[in-house]
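# Results of the structural survey
Residue strings, one per chain:
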Amino acid sequence: MLPYDIREFFPILGQYMNGHPLVYLDSAASAQKPIQVIEAVRRFYERDNANVHRGVHTLGSRATDAYETARVKAARFLHAKSEREIVFTRGTTSAINLVAGSYARAVCGSGDEIVVSAMEHHSNLLPWQQAAKTAGAVLKYIPLQSDGTFSIEDAEKTMTNRTKVVAVSHVSNVLGVANPVKQMAAIAHRHGAVLVVDGAQSVPHMRVNVQELDCDFYAFSGHKMCGPTGIGVLYGKKPLLEQMEPIEFGGEMIERVGLHDSSWKETPWRFEGGTPPIAGAIGLGAAIDFLGQIGLDSIAEHDKQLTRYAVERLKRMEHLSIYGPEDGRLGLVTFNLGAIHPHDVATVLDTYGVAIRAGHHCCEPLMHHLGAGATARASFYMYNTEEDVDRFLSALYQTKQFFKE
Ligand code: 7TS
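The written sequence of each chain sets the order in which its residues are numbered from 1. Where local features are concerned, this predicted model is filtered to residues with pLDDT of at least 70; where side-chain atom pairs are given and counted, the filter is 80 or more; whole-chain, interface and lining totals use all residues. As a rule here, side-chain values cover all heavy atoms of the structure and leave hydrogens and water aside.

### Comments concerning the sheet that holds strand 16 (residues 357-359)
- With antiparallel pairing, four strands are arranged side by side in an open sheet as 13-14-17-16. Unpaired on one side and paired on the other, strand 13 (320-323) and strand 16 mark the two borders of the sheet. The average undirected angle you get between the axes of adjacent strands in this sheet is 30 degrees.
- At least two bridges found by DSSP between two strands is the condition for calling them paired. Only DSSP runs of H or I covering at least 4 residues are called helices, and only runs of E covering at least 2 are called strands; the numbering of each starts at the N terminus. Where strand 13 and strand 14 (residues 332-337) come together, four bridges link them in antiparallel fashion. Paired with Tyr323 across the strands is Thr334, a residue of strand 14.
- Contacts: residue pairs with any heavy atoms within 4.5 Å of one another. Note on method: axes are straight lines fitted to C-alpha atoms, helices fitted across the in-contact stretch only, with angles between N-to-C directions ranging 0 to 180 degrees. Of the strands in this sheet, strand 13 and strand 14 touch helix 10 (residues 296-315), which is tilted by about 145 degrees from strand 13.
- In the packing of helix 11 (residues 342-351) onto the sheet, the strands contacted are strand 14, strand 16 and strand 17 (375-379), and the crossing angle to strand 16 comes to about 160 degrees.

This is the structure:
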């Protein structure tokens, strides 16, 4: 377990909510921010704020240096070959939209295939639906097993030599377990396809090495790993990014502009038209430093252990059903409490200061597959403790009594 005093870095956690100490169990939706990140953003605005890649003045070059340093940090964080493989985006959603809107539309012709799973977050589903429609391509689904996961054998069977793109999440935001993305990359490559990995739920909890995985694209959001909102990353292998056209056009992404024709900067800057989220990138750099200081292996171990602690106790509760496979949960558990609507569960928990998420978690196809219209989800991060889990369980017992379930 990580030391309790890690919580001192997160000022928001010191509050009382509805008369109870705040128990924040919704980090899978967005993680809290340590003072190191808050301070980095504040320092930037207080001392270095200016636009990037423009001014010859000193503030402009300080801002540019800080922004580009964040890119280098992101490259090291993912173990990319070069910072030129790091595109700053608004988050996972816009990173995946960039690959779908540019790469997939260019490489997919009529009858080609895009392979996804029904486990995906809508952000890793809708962009592919749209790309397939535009290109006349077929959107194929890897069949899911009863627990919501898929097997590598089924993933392999779904791919053919018409498959151009395979897109899956590294860790599911509902099931909390990891998909075999390294093996999937190898299979996709044998078919001449690329693998796009949605890393929104993995990077906060585990060490990721894109070269080892040999994935072609990897997307994540800063805000789920203690960074600011409004910043994310698309990693892409350089030769792939170099063959991609931008999907946003305007200031700063150009090399030369004529009246009827223009040309673009090199990658990654050609994908960053307009004023980028500068403070966000700097905050993300600070979050990367912070995760490095705490140690991603320690965070992973803590999150796994705490999830196990919660699951063991949830299992003892009558009428409580847990979704997903038995093992391998990395920081979250999804459940329903008898016939009580998960929104009611979350509302009552909130009166005890416990914040969880309820709903379809932007995974409607997976919810249908699991036979649940909606579920409740508790997610854990480095700053959560066994005491948090105990408070959550005790509030859940109160909820059960209240609804006579
Ligand atoms: N992919 C996965 C696996 C996610 O969990 C999320 C957000 C996204 C993509 C989209 O990330 P964004 O930063 O671009 O919005 N997931 C959740 C969630 O589970 N609850 O709220 C947001």
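### Points about the domain arrangement of the chain
- By the assigned domains, the chain splits into domain 1 (4-26 + 295-402) and domain 2 (38-293).
- Each of domain 1 and domain 2 has a C-alpha centre, and the two are 28 Å apart.
- Facing 32 residues of domain 1, the contacting portion of domain 2 comprises 33 residues.
- Put simply, buried area is the surface a 1.4 Å probe can reach on two separate parts but cannot reach once they are joined, added for both. Taking both partners together, domain 1 and domain 2 bury about 2600 Å²; carbon and sulfur atoms supply 65% of that area.
- Basic side-chain nitrogens of Lys or Arg form a salt bridge, by our definition, when they fall within 4 Å of a carboxyl oxygen of Asp or Glu. Along the contact surface separating domain 1 from domain 2 lie one salt bridge.
- Among the ionic pairs, Arg207 bridges to Asp297, the shortest N-O distance being 3.1 Å.
- Distance and chemistry together define a polar contact, namely a pair of N or O atoms within 3.5 Å, with one atom able to donate a hydrogen and the other to accept it when in protein, and with adjacent residues in sequence counting only for side-chain atoms on both sides. At the boundary of domain 1 and domain 2, one finds 14 residue pairs in polar contact (both at pLDDT 80 or more).
- When residues in the side of domain 1 that touches domain 2 are grouped by element, the largest group, six residues, is from helix 12 (residues 364-370).
- Within the side of domain 1 that touches domain 2, the residues separate by chemical class into 18 nonpolar, eight polar and six charged. As annotated, the domain borders come from an automatic or database domain assignment. Side-chain classes are defined by residue name, with Ala, Val, Leu, Ile, Met, Phe, Trp, Tyr, Cys and Pro counting as nonpolar, Asp, Glu, Lys and Arg as charged, and the others, Gly among them, as polar.

### Quick look at helix 3 (residues 92-107)
- A helix is expected to span 1.5 Å multiplied by its residue count minus one. Along its 16 residues, helix 3 runs 21 Å from first to last C-alpha, staying within 8% of the 22 Å computed at 1.5 Å per residue.
- For a residue, the bend is simply the angle between two axes, fitted respectively to the seven-residue segment ending there and the seven-residue segment starting there. Along helix 3, the sharpest change in direction is near 25 degrees and occurs at Ala100.

### Describing the site of the ligand
- Not every one of the 15 residues close to the ligand is listed here, only the nearest: Thr93, Asp198, Ser221, Arg357 and Arg377.
- Here an oxygen atom of the ligand sits 2.6 Å away from a polar atom, N or O, in the side chain of Thr93.
- Here Asp198 contributes a side-chain N or O atom positioned 2.5 Å from a nitrogen atom of the ligand.
- Only the protein chains shown count as covering a residue, and every accessible area follows the Shrake-Rupley method with a 1.4 Å probe. For the ligand, whose unbound accessible area comes to 490 Å², protein coverage reaches 86%.
- Classifying every residue of the shell around the ligand gives three nonpolar, eight polar and four charged. Think of it this way: one heavy atom of a residue within 4 Å of a molecule or strand is enough to make that residue near it.

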